[in-house]
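Letter by letter, the chains look like this.
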Amino acid sequence: MPPRTPLLQPGEYFDQYDRPSLGVAAGIVAVQAVAFAVLVWWFVTSVLDRIDAPEAAVSNVRGELVGQAIFLAVMVVVGWLLAAAVIHVFVWFADGDETFLTTLAVVGEAELVSLLVLPVVVVVFYSVIGQVPSDPESAAEFLRGIVGRERAPLVVASLVATLWKAYITAAGLVKGQGLDSDKAFLIAFALGILGFLVGLA
């Protein structure tokens, strides 16, 4: 029986006649966008609930938060399009067989990994929420300081996700674009690691 996801056997997964699928990829990215937006909304509202701030100020922040969450969801989709576009430029130079839509589908299906690391982010955020002081100024200082203390698990999770996605993307480029394995893995891992390093800056 062929694998249902590209997570463990991406080569066999992308060997199927109907893979990569742009519809599946779009669905994964859509779920990812909504999940990230909801996660940020939950974190911020949970922090606000712990702070003894004027009701008017809290209401203003909550009002702006909806727009920010929507913006974050849109940026997830835009990030997918941009990442696929950059990868496809190198695929084109490497004489890939198919169009940009195939690359877009491969990159989108690899984003399934991002959904798997969400629990790590949830655990980190949850641990932070319970430590937020009620005083607004103390809370702001605490949140600025917590970024460095809680960064390690998020960085590790991000690195694992980056390498995993690169592995899936490379397999998808081999099967979907007809690239040699060496070229596909070089493109996927080089660009993946570069993106990871830029994200750390």
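Please refer to the structure higher up on the page.
Residues numbered from 1 in each chain as written. Predicted model: local features only at pLDDT ≥ 70, side-chain atom pairs only at ≥ 80, totals over all residues. Heavy atoms only, no water.

### Examining the overall build of the chain
Thought 1: Counting its secondary structure elements, the chain contains nine helices and zero strands.
Thought 2: Taken from the N to the C terminus, the helices and strands of the chain come in the order α-α-α-α-α-α-α-α-α.
Thought 3: When each of the 201 residues of the chain is scored for burial, the buried share is 37%.
Thought 4: Restricting the contact set of the chain to residue pairs at least 6 apart, pairs at least 24 apart contribute 72%.
Thought 5: Roughly 11,100 Å² of accessible area belongs to the chain as shown, and the carbon and sulfur atoms make up 68% of that amount.
Thought 6: Averaging the coordinates of the 10 positive side-chain charges in the chain and doing the same for the 18 negative ones gives two points 4 Å apart. (Helix = DSSP H or I, 4+ residues; strand = E, 2+ residues; numbered from the N terminus. Buried < 20%, exposed > 50% of the residue type's maximum accessible area, 1.4 Å probe, protein only. Contact = heavy atoms within 4.5 Å. Areas by Shrake-Rupley, 256 points an atom, 1.4 Å probe, with all protein chains shown as cover. Lys, Arg positive; Asp, Glu negative; His and termini not counted. Charge placed at Lys NZ, Arg CZ, Asp CG, Glu CD.)

### Examining the environment of Val74
Thought 1: Take Val74: it is sitting in helix α3 (residues 55-93).
Thought 2: In this structure the C-alpha to C-alpha distance between Val74 and Leu115, which are 41 residues apart in sequence, comes to 16 Å.

### Points about the packing of aromatic side chains
Thought 1: Per the stated rule, a full pass over the model turns up five aromatic pairs.
Thought 2: Between Phe43 and Phe125 the ring centres are 4.4 Å apart and the planes differ by 35 degrees, which places this aromatic pair in the tilted class. Here Phe43 is found in helix α2 (residues 22-50), whereas its partner Phe125 is found in helix α6 (residues 118-129), with 82 residues between them in sequence.
Thought 3: Take Phe43: its relative accessible area is 16%, and that puts it in the buried class.
Thought 4: Where Tyr167 meets Phe185, the ring centres are 6.2 Å apart and the plane angle is 50 degrees; that geometry is what we call tilted. In this pair, Tyr167 sits in helix α8 (residues 151-177) while Phe185 sits in helix α9 (residues 181-200), placing the two residues 18 residues apart along the sequence. (Phe/Tyr/Trp six-rings, centres within 6.5 Å; stacked < 30°, edge-to-face > 60°.)

### Brief notes about α6
Thought 1: Counted at 1.5 Å a residue, the expected span for α6 with its twelve residues is 16 Å, and the 16 Å between its end C-alpha atoms agrees.
Thought 2: Buried within α6 are the following residues: Leu118, Val121, Val124, Phe125, Val128 and Ile129. On an axial view of α6, the arc spanned by its buried residues comes to 135 degrees, and they lie on one face. In α6, those exposed residues whose orientation departs by more than 90 degrees from the buried face are Val123 and Tyr126. (Expected span 1.5 Å × (residues − 1). Arc of directions from axis to C-beta.)

### Section: the pattern of salt bridges
Thought 1: Evaluated as defined, the whole model comprises four salt bridges.
Thought 2: Between Asp18 and Arg19 there is a salt bridge, with the nearest N and O atoms lying 3.2 Å from each other.
Thought 3: Take Asp18: its relative accessible area is 33%, and that puts it in the partly exposed class.
Thought 4: The partly exposed category is assigned to Arg19, whose relative accessible area is 22%.
Thought 5: Between Glu111 and Lys165 there is a salt bridge, with the nearest N and O atoms lying 3.3 Å from each other. Linking Glu111 in the loop between α4 (100-110) and α5 (112-116) with Lys165 in helix α8, this pair joins segments that are 54 residues apart in sequence.
Thought 6: We classify Lys165 as partly exposed; its relative accessible area is 21%. (Salt bridge = Lys/Arg side-chain N within 4 Å of Asp/Glu carboxyl O.)

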